[in-house]
Amino acid sequence: MTYSKQQSFIDKETDFGPDNYKPIPVVLSKAKGVWVWDVDGNKYLDMMSAYSAVSHGHSHPELLKVLHKQSSQLALTSRAFYTDTLGPYLETITSLSNFDMALPMNSGAEAVETAIKAARRWGYRSKNIETDKAEIIVADGNFHGRTTTIVSFSSEPNSKDDFGPLTPGFISVEFGSAKAIEKAINKNTAAVLIEPIQGEGGIIVPPENYLSDVREICTQKNVLMILDEVQSGLGRTGKMFAFQHSDIQPDGLILGKALGGGFMPVSCFLSSSEVMQWLTPGSHGSTFGGNPLAAAIAKRALELLDEEGLIENSRVLGEYFKNAFIEMKSNVITDVRGKGLWIGVEIDPSYISGKELSMLLLKKGILSKETHETVIRFAPPLIITKEDIDWAVNIIKETLDEIVLEK
Ligand SMILES: Cc1ncc(COP(=O)(O)O)c(C=O)c1O
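Residues numbered from 1 in each chain as written. Predicted model: local features only at pLDDT ≥ 70, side-chain atom pairs only at ≥ 80, totals over all residues. Heavy atoms only, no water.

Draft legend 1. Just the overall build of the chain, in detail. Helix and strand counts for the chain come out as 14 helices and 15 strands. Since a compact globule built from 407 residues should have a radius of gyration of about 22 Å, the 21 Å found for the chain is in line with a globular shape. Viewed in the frame of its principal axes, the chain has a C-alpha envelope of about 65 × 50 × 45 Å. Split into buried and exposed, the 407 residues of the chain put 55% on the buried side. With the model as given, the accessible surface of the chain reaches about 18,500 Å², and the carbon-plus-sulfur share is 52%. For the chain, the distance from the average site of its 40 positive side-chain charges to the average site of its 52 negative ones is 2 Å. (Helix = DSSP H or I, 4+ residues; strand = E, 2+ residues; numbered from the N terminus. Rg over C-alpha atoms; globule rule 2.2 N^0.38 Å. Buried < 20%, exposed > 50% of the residue type's maximum accessible area, 1.4 Å probe, protein only. Areas by Shrake-Rupley, 256 points an atom, 1.4 Å probe, with all protein chains shown as cover. Lys, Arg positive; Asp, Glu negative; His and termini not counted. Charge placed at Lys NZ, Arg CZ, Asp CG, Glu CD.)

Draft legend 2. Geometry of the nonpolar core. Ranked by size, the top nonpolar core spans 81 residues in total, and within it Y89, L259, F321, F325, F378 and I396 carry the most contacts. Here this core gets 8 residues from one element, more than from any other, and that element is helix α11 (residues 292–307). Summarising the domain contributions, this core has at least three residues from each of domain 1 (6–59 + 309–406) and domain 2 (74–307). Ignoring any residue separated from it by four or fewer positions in sequence, one finds F325 in contact with I333, V336, I343, V345, F378 and I396. With 25 residues, the next largest nonpolar core counts V112, I116, A191 and V275 among its residues. (Core = buried A, V, L, I, M, F, W, Y, C linked by side-chain atoms within 4.5 Å. Domains from an automatic or database assignment. Contact = heavy atoms within 4.5 Å.)

Draft legend 3. Local environment of the site of the ligand. The immediate surroundings of the ligand are formed by S107, G108, A109, F143, H144, G145, E195, D228, V230, Q231 and K257. A distance of 2.8 Å separates an oxygen atom of the ligand from a polar backbone atom of G108. Here an oxygen atom of the ligand sits 2.8 Å away from a polar atom, N or O, in the side chain of Q231. Across the complex, the protein chains shield 81% of the 390 Å² of accessible surface that the ligand would expose by itself. Among the residues making up the shell around the ligand, the classes are represented as 3 nonpolar, 5 polar and 3 charged. (Near = heavy atom within 4 Å. Polar contact = N/O pair within 3.5 Å; in protein donor to acceptor, adjacent residues only side chain to side chain. Nonpolar A, V, L, I, M, F, W, Y, C, P; charged D, E, K, R; others polar.)

Set out below in structure tokens:
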């Protein structure tokens, strides 16, 4: 592989942008399906999918058609007017998720903020919690985004240090323990807000009964159960929603990432009309949320998940891929976690760090990224084929074998 053109682009990003990311040093300029190319023409298999936002693959032809058609017809109006795209999109997303209503936003963090505001309003107006006393229970190790309120309940010091004063009203308890949630609930608790599988936390899968136990507790105590499926939703875990592995229905659901079909930021908060009734005119909104282009793309992106069998592909190939890691029996691997095409491989840091391993894989044509020091995430577009996975498995195995030999 040659890398002659890359450095000048890297230099420009670092010279003119702050250092709030530490990207893998590769400069991408083209993508199609599961493959991406850098500016020097080197080709890579995308095992990151933009943190699961590119589940449909890069530049999905059907979505590209929608993008062209809708953007040449009507792209942006603001919510000051009705459009002929938003209603049909809301109808599609609510019916397939079994919620009464959806409130459209753009980024995942905005949809989480929406959920927090909706839960607090519901807490004050339906549950009669005393003014400004509402509490939301969250889980240690969570990741829900980067706004000031959201980082207020992060467990990651670097996400919140010196960004204060932080927003009060959040109680963080052990992830995976329904008992810890039950203990933390009091008369001021409006909601429990958790990820069904913690993504940025390291692909942490909770115990089997966690979600159903939390569901039961929330129902008993009149507390909203809100799930953040920005990353786990829309087929990533081998079901449309990760909560469907537990056969429950939450009271609120947050979606994002893949909802934009790999083209644009589209997110939403879904809930019952009982919760949504309190979001009255002027109380919440977004200039871009639910714009005609986003609505048209999101509607088609949702339909394609089913039409093209992407959820089933995630389930079947996810299992296949996960087993391939287990069968490698490499000393470098200490744990393999995840559901569907969302796999976290824990590596022994005495051999190599997550970052170093993703650098080795980069040189062999695989794009991946560590989450925390010791976990590498493999989350390819859901359109990936068995042949592509076999190709990647061979390379990963060869790389791990070399690491063991060199130690
Ligand atoms: C579970 C979860 N919630 C929220 C977010 C924030 O989404 P965004 O980066 O679009 O604001 C993320 C992003 O990784 C996420 O994984």
